[in-house]
Amino acid sequence: DTGVSQDPRHKITKRGQNVTFRCDPISEHNRLYWYRQTLGQGPEFLTYFQNEAQLEKSRLLSDRFSAERPKGSFSTLEIQRTEQGDSAMYLCASSALGAYEQYFGPGTRLTVT
Amino acid sequence: QKEVEQDPGPLSVPEGAIVSLNCTYSNSAFQYFMWYRQYSRKGPELLMYTYSSGNKEDGRFTAQVDKSSKYISLFIRDSQPSDSATYLCAISTGGGNKLTFGTGTQLKVEL
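Residues numbered from 1 in each chain as written. Chains lettered and ligands numbered in written order. Predicted model: local features only at pLDDT ≥ 70, side-chain atom pairs only at ≥ 80, totals over all residues. Heavy atoms only, no water.

A. Geometry of the overall build of chain A. Within chain A, the secondary structure is distributed over zero helices and 11 strands. Helices and strands appear in chain A in the N-to-C order β-β-β-β-β-β-β-β-β-β-β. Here the C-alpha radius of gyration of chain A, 13 Å, is about what a compact globule of 113 residues would show, namely 13 Å. In terms of overall dimensions, chain A has C-alpha extents of about 40 × 25 × 25 Å along its principal axes. With 113 residues in all, chain A has 47% of them scored as buried. Here chain A contributes 14 positively and 13 negatively charged side chains, and the mean placements of these two sets differ by 7 Å. (Helix = DSSP H or I, 4+ residues; strand = E, 2+ residues; numbered from the N terminus. Rg over C-alpha atoms; globule rule 2.2 N^0.38 Å. Buried < 20%, exposed > 50% of the residue type's maximum accessible area, 1.4 Å probe, protein only. Lys, Arg positive; Asp, Glu negative; His and termini not counted. Charge placed at Lys NZ, Arg CZ, Asp CG, Glu CD.)

Written out as structure tokens, the structure is:
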């Protein structure tokens, strides 16, 4: 059994471009979470899915951000019209139904130039 | 005031020392407590998780929770240079709910 995987690991983009990240959770984990982490800070919650349903979104998730989990397996996070302030590490985590601990992937580091 | 407060350090200790890392929180609804270790430019790695007040031990690591004081700790015995990393506390109000993190404490264990 592999852990949470994320792709790409690093993305460099120009301001104004759209980017999409992918997360594959631990198999059979029903819950999937997205967090964002900036330098010197702890991760901040963005959004959360249980199966294919998006159950909670943070106010940090502006209308330029959209997340999907179409078949309850992998998830994508898209950022439209990227801004320099979007530069951060985007982390995905998953947990099993009934559990409270979350397991994180390696993250996607986004650099907006 | 942040919901979870954690001293960012850096904390530097000699090899073999006992390390104490701490967090305080303000919301009494927080019921589930986790500690993660994060190496530079990597994702957080789950070290310990607990629900109850009291101590939970796993090898060289002990997690301690005092819900009455809203205070959690992670102790590392016989610290090693490989323990050098940032340690994050994370708390949630319920199973499956989002985690609220501290800022992380940067630890360096020196030879």
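B. Highlighting the side chain of Asp 83 of chain B. Residue and element names in this part refer to chain B. When you line up the elements, Asp 83 lands in the loop between β8 (71–76) and β9 (85–92). Here Asp 83 falls in the buried class, since its relative accessible area comes to 1%. In terms of polar contacts, Asp 83 uses its side chain to reach the side chain of Arg 60, at 2.9 Å. Discounting residues that sit within four places of it in the chain, Asp 83 has contacts with Arg 37, Arg 60, Phe 61, Ile 76, Asp 78, Leu 107 and Val 109. (Polar contact = N/O pair within 3.5 Å; in protein donor to acceptor, adjacent residues only side chain to side chain. Contact = heavy atoms within 4.5 Å.)

C. The sheet that holds strand β1 (residues 4–6) of chain B, seen in detail. All names here are of chain B. If you trace the five strands from one edge of the open sheet to the other, you get β1-β3-β8-β7-β6, paired in antiparallel fashion. The sheet is open, and its two edges are formed by β1 and β6 (54–58), each paired on a single side. Taking the axes of each pair of neighbouring strands and ignoring which way they run, one obtains an average angle of 20° across the sheet. Bridge count between strand β3 (residues 19–25) and β8: six bridges; the pairing is antiparallel. Bridge pairing in β8 places Leu 21 opposite Leu 74. (Pairing = 2+ DSSP bridges. Axes fitted to C-alpha atoms, helices over the stretch in contact; angles between N-to-C directions.)

D. View of the interface of chain A and chain B. At the interface, 22 residues of chain A touch 22 residues of chain B. Summed over both partners, the interface of chain A with chain B comes to about 1800 Å²; 56% of that surface belongs to carbon and sulfur atoms. Linking chain A with chain B are one salt bridge, by the criterion used here. The shortest N-O distance in the salt bridge between Lys 98 of chain B and Glu 56 of chain A comes to 3.7 Å. (Buried area = accessible area lost by both parts, 1.4 Å probe. Salt bridge = Lys/Arg side-chain N within 4 Å of Asp/Glu carboxyl O.)

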